[in-house]
Amino acid sequence: IHTANGSAWYRFPINRFRLWLNVGAGATFRSAANRYLSGGVEDGVILTETYFSFDLKRFHFYFNYQNLLDVEYTLNNIQQPGRSVWWGFKWNFVD
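All figures in this text were calculated on a predicted structure; none of them were measured in a lab.

Chemist: Describe the packing of aromatic side chains, naming the residues involved and giving the relevant values.
Modeler: Evaluation of the coordinates by the stated rule reveals 8 aromatic pairs. Relative to Y51, the ring of W9 lies with its centre 4.9 Å away and its plane at 70°, an arrangement referred to as edge-to-face. Separated by 42 residues along the polypeptide, W9 in strand β1 (residues 3–14) and Y51 in strand β3 (residues 45–56) bring together distant segments of the chain. With a centroid separation of 5.2 Å and an interplanar angle of 35°, the aromatic rings of Y10 and F12 are classed as tilted. Judged by its relative accessible area of 53%, Y10 falls in the exposed class. Each residue in the set F54, F59, F61, W87, F89, W91 and F93 is aromatic and connected to the rest through ring pairs, giving one cluster. Looking at R11, its charged tip hangs above the ring of W20, at a distance of 4.2 Å from the centre.

Chemist: Before we move on, can you summarise the pattern of salt bridges with the specific residues and values?
Modeler: One pass over the structure, following the stated rule, counts 1 salt bridge. Across the pair R11 and D55 runs a salt bridge, and its minimum N-O distance is 3.8 Å. Of the two residues, R11 sits in strand β1 while D55 sits in strand β3, which places them 44 residues apart along the sequence. Taking the relative accessible area as the measure of exposure, R11 reaches 47% and is therefore partly exposed. On the accessibility criterion, D55 (16% relative accessible area) is buried.

Chemist: Go over the side chain of N22, please, and point to the residues and values.
Modeler: With respect to the helices, strands and loops of the structure, N22 is situated in strand β2 (residues 19–30). Residue N22 is classed as buried on the basis of its relative accessible area, which comes to 9%. Among the polar contacts made by the side chain of N22, one reaches the side chain of R11 at a distance of 3.0 Å. Side-chain polar atoms of N22 contact the side chain of S53, separated by 2.8 Å. In this structure N22 touches Y10, R11, Y51, F52, S53, F54 and D55, once residues within four positions along its chain are discounted.

Chemist: I'd like a description of unusual backbone geometry, backed by residues and values.
Modeler: The backbone of K57 sits at a positive phi, close to 55°, despite the residue not being glycine. Position of K57 among the secondary structure elements: in the loop between β3 and β4 (59–66). Phi angles above zero are rare outside glycine, and N67 is one such case at about 55°. Turning to its location among the elements, N67 is positioned in the loop between β4 and β5 (74–75).

Criteria and thresholds
- Residues numbered from 1 in each chain as written.
- Predicted model: local features only at pLDDT ≥ 70, side-chain atom pairs only at ≥ 80, totals over all residues.
- Heavy atoms only, no water.
- Phe/Tyr/Trp six-rings, centres within 6.5 Å; stacked < 30°, edge-to-face > 60°.
- Helix = DSSP H or I, 4+ residues; strand = E, 2+ residues; numbered from the N terminus.
- Buried < 20%, exposed > 50% of the residue type's maximum accessible area, 1.4 Å probe, protein only.
- Lys NZ or Arg CZ within 6 Å of the ring centre and 35° of its normal.
- Salt bridge = Lys/Arg side-chain N within 4 Å of Asp/Glu carboxyl O.
- Polar contact = N/O pair within 3.5 Å; in protein donor to acceptor, adjacent residues only side chain to side chain.
- Contact = heavy atoms within 4.5 Å.

What follows is the structure in structure tokens.
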């Protein structure tokens, strides 16, 4: 499997609220060398994504939007999902 990734990130503070904002965008190229289990050649694809998060003291919230262009592709003969959204948070508690 041949892949190449690239991304750009920017992180900046909002001191008034003691908040950090993080934004990013990236792309992954999967080459035509990816193979089906049955031996056929898949087409090369470019997958794009964006990322947003903020940190407030010990709380971290993130939002990741993958496959922005809704590219249809398979990996090892398995159809991969189109656009997808991942979000969540992490909160550290201190005793």
